[in-house]
Amino acid sequence: MKAKVKDRDWKKWAGDNSALLAFAALFVLAVILQGRMFLSFNNIINILRNNAVIGIIALGMTLVIITGGIDLSVGSQLAFTGVIIIQVFNQTQSIVLTLAAGVVMALILGSVTGLLVAKFRIPAFITTLGSMSIYRSVAQYWLNGGGLTAAGDKLDSYLSISNSKLFGVIPMPIVVWIVCAVIVYLFAQHTATGRHIYAVGSNQKAAELATVRVVKVKCFAYSILSLLVVIAAIVETSRLGSVNSASSGSSYEMDAIAAAVIGGTSMAGGKGKIGFTVLGTLTLGIINNMMNLMGVNSFLVDAIKGAIIIVAVLLQMVLNGSEK
Amino acid sequence: MSDYVVQMKGIEKSYGKNEVLHGVDFLLEKGSIHALLGENGTGKTTLMNILTGIIPGNKGEIAVDGRIMQVNGSAVEQSSEIAFIHQELALINDLNVFENLFLGCEIKKSGKLAKKPMYEKAKEILDMMDINLDPKTMVSDLNASYKQVIEIARALMKKAKVIVMDEPTTALTNVEIEHVFKIMNNLREQGVSIIFISHKLNEVVEICDSYTIMRDGCVVQAGKVDGNITEEDLARYMVGKDLNYDELYKARTIGEEILRTENLSRDREFKDINISVGKGEIVGITGLLGDGRFELMSTVYGCNKDYNGKIYLHNMECKMNHVQKAKKAKVAYLPRNRKENGIIKDLSVGENATISIIDKIRKGLFISHKEDRKLVANYVQQLNIKVKDTDDLITSLSGGNQQKVMLARALSSNPELVILDNPTQGVDIGAKLEIYSIIMKLAEQGVSFVVLSSEAHEVLMLCDRIYVMFHGEMRKEFSREEANEEDIMIAATGGTIQEMR
């Protein structure tokens with residue numbers, strides 16, 4: 001009897017913390033397979049830096065998925081806003097104006113998506129499938145399918161956003177990611193709007209009758225995501241000094257969604273944790289890193305990644321299903 | 001021995017650390033109707049689920065028709081002899097009667113559906129039950145009692161010896177209930193045994209031969225239903241203490257008008273409705289299915305934009321096109337169907353209670369968790385919500401306690417008018433009484449209530465005035481003094497009962 005009870009408790013815990021388990025399992029696997037090389041300071045920093053952009057986007061993606069929605073457009077949004085940001089920078093040579101333009105852009109794009117989804121009730125999948133094409137197409141039209149390079153007197157200060165190090169040790173993209181994660185975590189767990197996001201995703205009808213402003217809450221979630229996409233775009237473009245209308249941000253939406261889902265965010269809405277999304281991002285990062293170190297053919301990397309995502313979610317469902 | 005078609009002995013069941021059945025004995029005589037009574041969360045449904053093999057038990061013995069069954073047996077083994085008719089009927093509206101009866105066990109002839117034999121077999125069963133119904137009738141054209149009957153027919157077709165009926169009469173009108181009872185009596189004469197789960201004790205006294213009463217996972221009383229047992233006795237056993245409904249109502253002075261509607265109409269839902277509610281008044285609106293009372297009051301709450309007529313709150317005309325308007329006018333709403341419209345299943349008990357006002361409980365940008373906790377603890381104490389930890393998920397509570405959390409949510413914004421739609425739906429007697437006395441206490445303090453209910457005795461017990469609706473029209477208005485169950489029923493059926501007499 002008693003053993004059975006314990007067994008169930010353990011399963012429930014595992015179901016609730018599957019992101020932690022997946023992360024720990026892969027971490028151990030990586031240490032076993034790669035040992036010192038994996039654990040070296042440089043490699044760890046590498047993993048963190050390489051995944052900062054996806055990590056930042058995944059934070060917002062988690063919020064949107066918790067509302068019961070999804071945003072497929074984040075990859076092309078990154079390219080689209082990236083083009084605008086560099087354009088503004090090149091014209092004005094002002095970091096402040098560039099950031100301001102990015103924020104305004106994000107709020108507009110996020111609100112429009114939110115309104116289309118919440119007010120006009122177009123399914124989020126369809127809305128963002130459409131906007132994904134629009135952003136990419138317009139960005140490519142502007143640049144004639146090519147890229148745009150940041151230039152001007154102040155170029156160095158722009159590039160230093162991503163290429164400087166905190167205390168001379170930790171690369172800026174990692175710092176930005178951590179700061180964003182803390183802010184989004186505080187927002188989700190400790191503000192009224194954060195709680196409304198969970199309520200709307202869990203039972204929209206009930207939330208509406210309980211006087212939660214569903215349209216406002218959804219617009220908020222999509223706007224935060226767009227804001228994070230702009231931040232990711234700044235990190236990415238200032239690291240490289242350029243943007244490419246065709247390839248920048250390509251398939252980032254898949255990685256961001258995968259990170260959230262591996263982190264235990266429920267696609268049905270209502271459930272998800274910001275901390276676990278960070279772990280989900282790192283899990284994906286470790287997979288990439290491991291295969292890199294092992295010299296797996298780069299064309300196969302995505303296949304292995306895909307398989308691991310399916311297995312992770314399957315495991316979650318099995319563990320959560322046993323709760324009953 | 002063989003007198004009993006079902007014998008359950010020492011059944012134990014626990015979910016995790018939570019033991020829900022502590023050695024329950026249950027006996028069912030052949031050819032009898034046996035009432036299984038108890039408040040929500042006492043383990044009735046769990047016991048029946050173990051009997052029908054839907055969930056495994058931990059310990060105990062089950063014998064069906066003399067054959068020993070596995071307590072942890074599979075559903076397949078037992079379902080052939082025991083049929084469970086759930087509260088929510090599982091019929092498909094777009095199919096006709098015989099197609100529904102044979103759903104999942106269709107008769108086929110060389111891969112094609114053999115409609116004729118299915119039709120004839122269905123006719124045979126319906127005739128046996130003494131029901132005059134063409135098996136080709138679409139289920140969507142049937143009324144609620146016939147749907148219940150079709151479920152029974154499906155059970156009989158599988159040659160079930162025992163039929164478990166979980167609150168079969170909740171959605172039925174009195175005439176329909178009589179109809180279902182007639183068929184239950186027929187079945188009893190043919191040797192079929194029925195386990196009847198119900199909260200309506202008058203029905204138990206009327207139709208059952210014996211009863212078993214459960215409380216907190218134990219059987220507290222079992223015996224025969226004969227002339228010596230009354231509804232009050234049964235209620236007392238269930239709750240474990242005397243109930244007094246009579247002392248509930250308290251006379252109050254009603255203040256100025258809070259709500260008034262003028263010729264309020266909405267297409268195909270309700271027409272020219274004029275109601276008024278005073279300060280501190282409890283007004284009831286009752287009627288049968290399709291009477292439009294839900295549509296009416298959800299319009300008043302601001303759920304529908306396209307209505308005609310006028311709504312006055314505090315003597316000011318308000319365009320109620322959004323629930324935020326209701327919130328501003330200090331109107332709160334407790335919706336019907338808790339599961340769909342009320343509980344937010346991924347949030348905790350406390351989060352569910354304060355979701356409507358969480359934006360007000362702040363310290364700077366962030367939620368003040370301390371204040372939030374204090375508020376929730378207050379509700380738990382005031383409404384006597386039985387909960388171990390308010391951080392547990394709302395779904396871990398029993399129905400009655402979930403409903404109290406919903407009530408806490410409705411009251412959290414300090415409303416002046418509260419619309420309660422089916423406030424005691426799926427709530428056991430003890431919690432029901434508590435909810436009633438909370439409503440009465442608040443009314444004494446000057447809060448106004450509109451109570452929507454299909455149960456006439458509920459509005460009779462609680463309300464100062466009662467409106468009766470029928471097909472979207474206001475049929476009658478009763479003061480407390482002139483109202484009685486019979487007249488309400490006559491008005492609610494549009495006068496058809498009178499014609500029948």
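Within each chain, residue numbers correspond to sequence positions counted from 1 in written order. Here chains are named by letter from A upward and ligands by number from 1 upward, in the order in which they appear as written. With the structure being a predicted model, the display of local features is reserved for residues of pLDDT at least 70 and the display and counting of side-chain atom pairs for 80 or more, all residues being used for whole-chain, interface and lining totals.

A few points about the overall build of chain B
Turning to step 1, where the next piece is worked out: For chain B, the count of helices and strands is 18 helices and 25 strands.
Turning to step 2, where the next piece is worked out: Against the globule reference of 23 Å for 501 residues, chain B gives a C-alpha radius of gyration of 25 Å, in line with a compact fold.
Turning to step 3, where the next piece is worked out: For chain B, the C-alpha atoms occupy an extent of roughly 70 × 55 × 50 Å along the three principal directions.
Turning to step 4, where the next piece is worked out: Taken over 501 residues, chain B has a buried fraction of 43%.
Turning to step 5, where the next piece is worked out: Sequence-distant contacts in chain B: of pairs separated by 6 or more residues, those separated by 24 or more amount to 67%. By definition, any uninterrupted DSSP run of H or I lasting at least four residues is a helix, any uninterrupted run of E lasting at least two residues is a strand, and each is numbered from the N terminus. Only C-alpha atoms enter the radius of gyration; for comparison, a globular chain is expected to reach 2.2 Å times N to the power 0.38, where N is the number of residues. Buried, partly exposed and exposed are defined by the number of other C-beta atoms within 10 Å of a residue's own C-beta, namely 20 or more, between the two limits, and 12 or fewer respectively, with C-beta atoms placed from the backbone. The contact rule is simple: place each C-beta atom from the backbone, and if two of them lie within 7 Å, those residues are in contact.

Here's the deal with the overall build of chain A
Turning to step 1, where the next piece is worked out: Across its full length, chain A carries 15 helices and four strands.
Turning to step 2, where the next piece is worked out: For chain A, the C-alpha radius of gyration of 20 Å lies close to 20 Å, the compact-globule estimate for 324 residues.
Turning to step 3, where the next piece is worked out: Projected onto the principal axes, the alpha-carbon positions of chain A cover approximately 75 × 55 × 35 Å.
Turning to step 4, where the next piece is worked out: Of all 324 residues assigned to chain A, the portion counted as buried reaches 48%.
Turning to step 5, where the next piece is worked out: Sequence-distant contacts in chain A: of pairs separated by 6 or more residues, those separated by 24 or more amount to 79%.

Considering the packing of helix H5 (residues 74-92) of chain A against helix H12 (residues 214-240) of chain A
Packed helices, taken two at a time, are described by the angle their axes make and the gap between the axes.
All names here are of chain A.
Turning to step 1, where the next piece is worked out: Structural elements are reduced to axes, namely lines fitted to C-alpha atoms, with helices fitted over the stretch in contact, and the angle between N-to-C directions of any two is expressed from 0 to 180 degrees. Taken N-terminus to C-terminus, the directions of H5 and H12 make an angle of 60°; their axes are 8 Å apart at the nearest point. By the angle class used here, H5 and H12 are oblique. In the crossing of H5 with H12, the sense of the turn from one axis to the other is right-handed. On the side of H5, the interface is formed by Val-74, Gln-77, Leu-78, Thr-81, Gly-82, Ile-85 and Ile-86, while H12 contributes Leu-225, Ser-226, Val-229, Val-230, Ala-232, Ala-233, Ile-234, Glu-236 and Thr-237. Convention used here: angles under 35 degrees read as roughly parallel, angles over 145 as roughly antiparallel, angles from 65 to 115 as roughly perpendicular, and any remaining angle as oblique. Crossing handedness follows the turn of the near helix against the far one: under a right angle anticlockwise gives a left-handed crossing, and clockwise gives a right-handed one.

Here we look at the pairing of strand S11 (residues 210-215) of chain B
Residue and element names in this part refer to chain B.
Turning to step 1, where the next piece is worked out: DSSP calls a pair of strands paired once it identifies at least 2 bridges connecting them. By the bridge criterion, four bridges tie strand S3 (residues 33-37) to S11 in an arrangement that is parallel. Across the sheet, His-34 pairs through a bridge with Ser-210, a residue of S11.
Turning to step 2, where the next piece is worked out: Relative to strand S12 (residues 218-224), S11 is paired through six bridges, and the arrangement is antiparallel. By the bridge assignment, Ser-210 is partnered in S12 with Lys-224.

Concerning the interface of chain B and chain A
Turning to step 1, where the next piece is worked out: Opposite the 25 residues of chain B that make contact, chain A presents 22 residues.
Turning to step 2, where the next piece is worked out: When residues of the side of chain B that touches chain A are traced back to their parent elements, those giving at least two are helix H10 (323-328), helix H11 (338-342) and strand S21 (366-367) of chain B.
Turning to step 3, where the next piece is worked out: Note on residue categories: nonpolar means Ala, Val, Leu, Ile, Met, Phe, Trp, Tyr, Cys or Pro, charged means Asp, Glu, Lys or Arg, and polar means any other residue, Gly included. Taken together, the residues of the side of chain B that touches chain A break down into eleven nonpolar, five polar and nine charged.

Concerning the sheet that holds S12 of chain B
All names here are of chain B.
Turning to step 1, where the next piece is worked out: Read across the sheet, six strands follow the order S6-S9-S10-S3-S11-S12 without closing on themselves; strand pairing throughout is mixed. Each edge of the open sheet carries a strand with a single partner, namely strand S6 (82-85) and S12. The average angle at which neighbouring strand axes cross in this sheet is 15°, direction not considered.
Turning to step 2, where the next piece is worked out: Note: S3 against strand S10 (residues 193-197), four bridges, orientation parallel. Bridge pairing in S10 places His-34 opposite Ile-195.

Here we look at the nonpolar core
Turning to step 1, where the next piece is worked out: A set of buried residues qualifies as a nonpolar core if it consists of Ala, Val, Leu, Ile, Met, Phe, Trp, Tyr and Cys joined through C-beta atoms within 7 Å. Among the nonpolar cores identified, the biggest contains 172 residues, and Ile-56, Ile-57 and Leu-228 of chain A are the most heavily contacted of them.
Turning to step 2, where the next piece is worked out: Ranked by the residues each element gives to this core, the list is headed by H12 of chain A, at 16 residues.
Turning to step 3, where the next piece is worked out: Domain start and stop points were drawn from an automatic or database domain assignment. Counting only domains with at least three residues in this core, you end up with domain 2 (254-330 + 415-501) and domain 3 (341-414) of chain B.
Turning to step 4, where the next piece is worked out: Residue contacts for Ile-56 of chain A: discarding those within four places in its chain leaves Val-176, Trp-177, Cys-180, Leu-228, Ile-231, Ala-232 and Val-235 of chain A.

Quick word on helix H15 (residues 429-444) of chain B
Residue and element names in this part refer to chain B.
Turning to step 1, where the next piece is worked out: For H15, with 16 residues, the first-to-last C-alpha span of 23 Å sits near the 22 Å given by 1.5 Å per residue.
Turning to step 2, where the next piece is worked out: Those residues of H15 that fall on the buried side of the exposure criterion are Ile-429, Ala-431, Lys-432, Ile-435, Tyr-436, Ile-439 and Ala-443. Each buried residue of H15 lies within a common arc of 165° when the element is viewed along its axis, so the set occupies one face. Pointing more than 90 degrees away from the buried face of H15 are the exposed residues Lys-441 and Glu-444.
Turning to step 3, where the next piece is worked out: Here the buried face of H15 lies against helix H8 (231-239), strand S16 (282-287), helix H14 (399-411), strand S23 (448-453) and helix H16 (456-462). Take the residue count of a helix, subtract one, and multiply by 1.5 Å to get its expected span. Picture the helix axis, draw a direction to every C-beta atom, and the arc is the one those directions span.

Brief notes about the packing of helix H8 (residues 155-163) of chain A against H12 of chain A
All names here are of chain A.
Turning to step 1, where the next piece is worked out: With their axes 7 Å apart at the nearest point, H8 and H12 run at an angle of 115° to one another. The pairing of H8 with H12 is recorded here as roughly perpendicular in orientation. Two packed elements cross with a definite hand, and for H8 against H12 that hand is left-handed. Mapping the contact onto sequence places Tyr-158, Leu-159, Ile-161, Ser-162 and Asn-163 in H8 and Ile-234, Val-235, Ser-238 and Arg-239 in H12.
Turning to step 2, where the next piece is worked out: Split into classes, the residues belonging to the contact of H8 with H12 amount to five nonpolar, three polar and one charged.

A word on the sheet that holds strand S22 (residues 417-421) of chain B
Residue and element names in this part refer to chain B.
Turning to step 1, where the next piece is worked out: Spatially, S19-S22-S23-S16-S24-S25 is the arrangement adopted by the six strands of the open sheet, whose pairing is mixed. Edge positions in the open sheet fall to strand S19 (331-334) and strand S25 (473-479), since each of these has one partner strand only. The average undirected angle you get between the axes of adjacent strands in this sheet is 15°.
Turning to step 2, where the next piece is worked out: By the bridge criterion, five bridges tie S16 to strand S24 (residues 465-470) in an arrangement that is parallel. Bridge pairing links Gly-284 to Ile-466 in S24.
Turning to step 3, where the next piece is worked out: Across the sheet, helix H17 (residues 485-492) touches S16, S24 and S25, and the angle it forms with S24 is around 30°.

As for helix H9 (residues 172-190) of chain A
Residues and elements named next belong to chain A.
Turning to step 1, where the next piece is worked out: In this model H9 runs 26 Å from its N-terminal to its C-terminal C-alpha over 19 residues, within 8% of the 27 Å that 1.5 Å per residue would give.
Turning to step 2, where the next piece is worked out: Listed in full, the buried residues belonging to H9 are Pro-173, Ile-174, Val-176, Trp-177, Cys-180, Val-184 and Ala-188. Down the axis of H9, the smallest arc covering the buried residues is 155°, so these residues share one side. Looking at H9, the residues exposed on the side facing more than 90 degrees away from the buried face are Val-179 and Val-182.
Turning to step 3, where the next piece is worked out: The secondary structure elements touched by the buried residues of H9 are helix H4 (41-66), H8, strand S3 (170-171), helix H10 (192-202), H12 and helix H14 (274-294).

Some remarks on the environment of Glu-178 of chain B
Residue and element names in this part refer to chain B.
Turning to step 1, where the next piece is worked out: Inspection of the secondary structure puts Glu-178 in helix H6 (residues 174-189).
Turning to step 2, where the next piece is worked out: In this structure Glu-178 comes out as exposed when scored by C-beta crowding, with 12 C-beta atoms within 10 Å.
Turning to step 3, where the next piece is worked out: Along the chain, Glu-178 and Leu-411 lie 233 residues apart, while their C-alpha atoms are 39 Å from each other.

Quick word on the domain arrangement of chain B
Turning to step 1, where the next piece is worked out: Domain boundaries in chain B define domain 1 (4-239), domain 2 (254-330 + 415-501) and domain 3 (341-414).
Turning to step 2, where the next piece is worked out: The C-alpha-based centres of domain 1 of chain B and domain 3 of chain B are spaced at 36 Å.

With respect to the pairing of strand S9 (residues 162-166) of chain B
Residues and elements named next belong to chain B.
Turning to step 1, where the next piece is worked out: Of all five residues making up S9, four are buried, and the element is well covered by its neighbours.
Turning to step 2, where the next piece is worked out: Inspection of the sheet shows S6 paired to S9 by four bridges, in the parallel sense. Within S9, the position partnered with Ile-82 by the bridge is Val-162.
Turning to step 3, where the next piece is worked out: Inspection of the sheet shows S9 paired to S10 by five bridges, in the parallel sense. Bridging from a neighbouring strand, Asp-166 pairs with Ile-197 of S10.

Side note on the confidence of the model for chain B
Residue and element names in this part refer to chain B.
Turning to step 1, where the next piece is worked out: Averaged over all residues, the pLDDT of chain B is 83; the fraction at 70 or higher stands at 93%.
Turning to step 2, where the next piece is worked out: Under a pLDDT of 50 for its full length, residues 497-501 has, in the predicted model, three contacts with residues more than four places off or in other chains.
Turning to step 3, where the next piece is worked out: Here the complex is predicted with pTM 0.77, and the ipTM for its interfaces comes to 0.83. Confidence scores labelled pLDDT are given residue by residue by the predictor and lie between 0 and 100.

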